[in-house]
Amino acid sequence: MKEKTFKSNVIYALTGRPCENCLQEAEMAQVAEEHEFRVNEKQEKPDIFYLPEIFVGSLFPHTQIESNIWVADRPLHTLRISSPYGVPYGTLPRLLLAYIINTPSALAFLGNSRGRFKNILGSEMTDREFDRQIRNLFFHTLIDIEVVWGGTSVVGTDSRLLIIGARDPSWRNYQDLKSTKWRKELQIHPLFFEFVNNAKQVVFNFQTYLSLSESPLAMDLYIWLSREWSSLQKKEKTENSFPLVLLQEVFGCEEKSISEFKEELVNCFHKALPYFPGFQNNVKLSEDGKHLVLTKPKKSVEAILKKDDE
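Draft legend 1. Structural detail: a positive patch on the surface. A cluster of basic residues, Lys200, Lys234, Lys235 and Lys237, forms a positive patch on the protein surface. By secondary structure assignment, the location of lysine 234 is in the loop between helix 7 (216–233) and strand 10 (239–243). For lysine 234, a relative accessible area of 71% translates into the label exposed.

Draft legend 2. Region of the structure containing the pairing of strand 2 (residues 69–73). The buried count for strand 2 comes to five of five residues, which makes it a mostly enclosed element. What you see with strand 2 is no split at all: Ile69, Val71 and Asp73 on one side and Trp70 and Ala72 on the other are buried throughout. Inspection of the sheet shows strand 2 paired to strand 3 (residues 77–82) by five bridges, in the antiparallel sense. Within the sheet, the bridge partner assigned to tryptophan 70 lies in strand 3 and is isoleucine 81. Taking the residues between adjacent antiparallel strands as the criterion, strand 2 and strand 3 are bridged by three residues.

Draft legend 3. Focus on a negative patch on the surface. Among the surface-exposed residues, Glu254, Glu255, Glu260 and Glu263 lie close enough to one another that they form a single negatively charged patch. Checked against the element boundaries, glutamate 263 lands in helix 9 (residues 258–272).

Each value, and the rule that gives it
- Residues numbered from 1 in each chain as written.
- Predicted model: local features only at pLDDT ≥ 70, side-chain atom pairs only at ≥ 80, totals over all residues.
- Heavy atoms only, no water.
- Patch = residues over 30% accessible without salt bridge, like charges linked within 9 Å, V, L, I, M, F, W, Y side chains within 5 Å.
- Areas by Shrake-Rupley, 256 points an atom, 1.4 Å probe, with all protein chains shown as cover.
- Salt bridge = Lys/Arg side-chain N within 4 Å of Asp/Glu carboxyl O.
- Lys, Arg positive; Asp, Glu negative; His and termini not counted.
- Charge placed at Lys NZ, Arg CZ, Asp CG, Glu CD.
- Helix = DSSP H or I, 4+ residues; strand = E, 2+ residues; numbered from the N terminus.
- Buried < 20%, exposed > 50% of the residue type's maximum accessible area, 1.4 Å probe, protein only.
- Pairing = 2+ DSSP bridges.

Dropping the structure here:
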């Protein structure tokens with residue numbers, strides 16, 4: 001992990017473009033149509049979830065780190081996660097973020113009790129630790145996004161995302177890390193809600209995601225495979241090759257040796273691949289062992305994910 005200096009002289013719009021008015025009317029209409037489809041899909045198939053493509057990979061570290069800053073590098077953008085109470089890590093922040101992103105409105109319902117919400121997320125941690133991680137992620141964690149646009153890195157105040165912040169007065173006292181009060185609803189920050197609903201999305205099955213929660217890397221790999229195989233099916237080429245050193249960065253495993261990372265990645269493939277039946281022959285290591293190769297599957301990725309929900 002390395003520290004970065006973020007520029008602030010150019011405002012980056014939340015749509016992933018330098019400014020929102022760059023979008024043509026037809027493209028804006030398509031975005032609105034896709035959002036309406038996702039809302040309807042979510043209502044009909046409650047386990048079908050969506051994640052902004054820009055978050056694919058390891059958005060959070062797998063284990064606790066000493067620094068209050070986590071930098072996740074991608075080929076075309078960089079994410080900088082920070083919190084004065086420590087960077088969120090492990091399984092729970094991933095599940096919380098997925099849940100919040102897929103609420104149909106900016107008023108998110110968390111359940112009538114803490115126990116019920118813990119059951120939804122499959123959490124067995126203590127109430128105190130559960131509350132602490134919720135407060136840290138929702139109120140204190142900033143997500144800064146630096147995007148390479150036209151060969152230039154741009155970032156600005158509009159790319160600084162706070163999930164909740166102080167916009168919901170009913171939760172104001174809940175920001176206190178010592179509070180034990182449970183609130184069943186919260187108001188998502190309008191900029192965050194706008195961002196996740198305008199962004200290009202990757203589809204995944206939440207129950208599958210939850211079943212992989214013993215391994216944060218397996219969770220990240222599952223969504224990454226969904227994105228990459230879906231993308232490959234829309235292209236003319238039949239395969240994509242990824243250097244393991246690049247994947248090591250994408251999945252936040254730079255502190256491991258390449259051999260350690262390869263071994264862990266293979267183990268996570270054994271966990272994730274059963275959820276892509278018929279895709280086992282569409283992944284392999286290159287002959288030199290330095291690249292992961294994905295080939296175009298015959299089955300539809302989205303059809304497989306939605307079948308799991310039936």
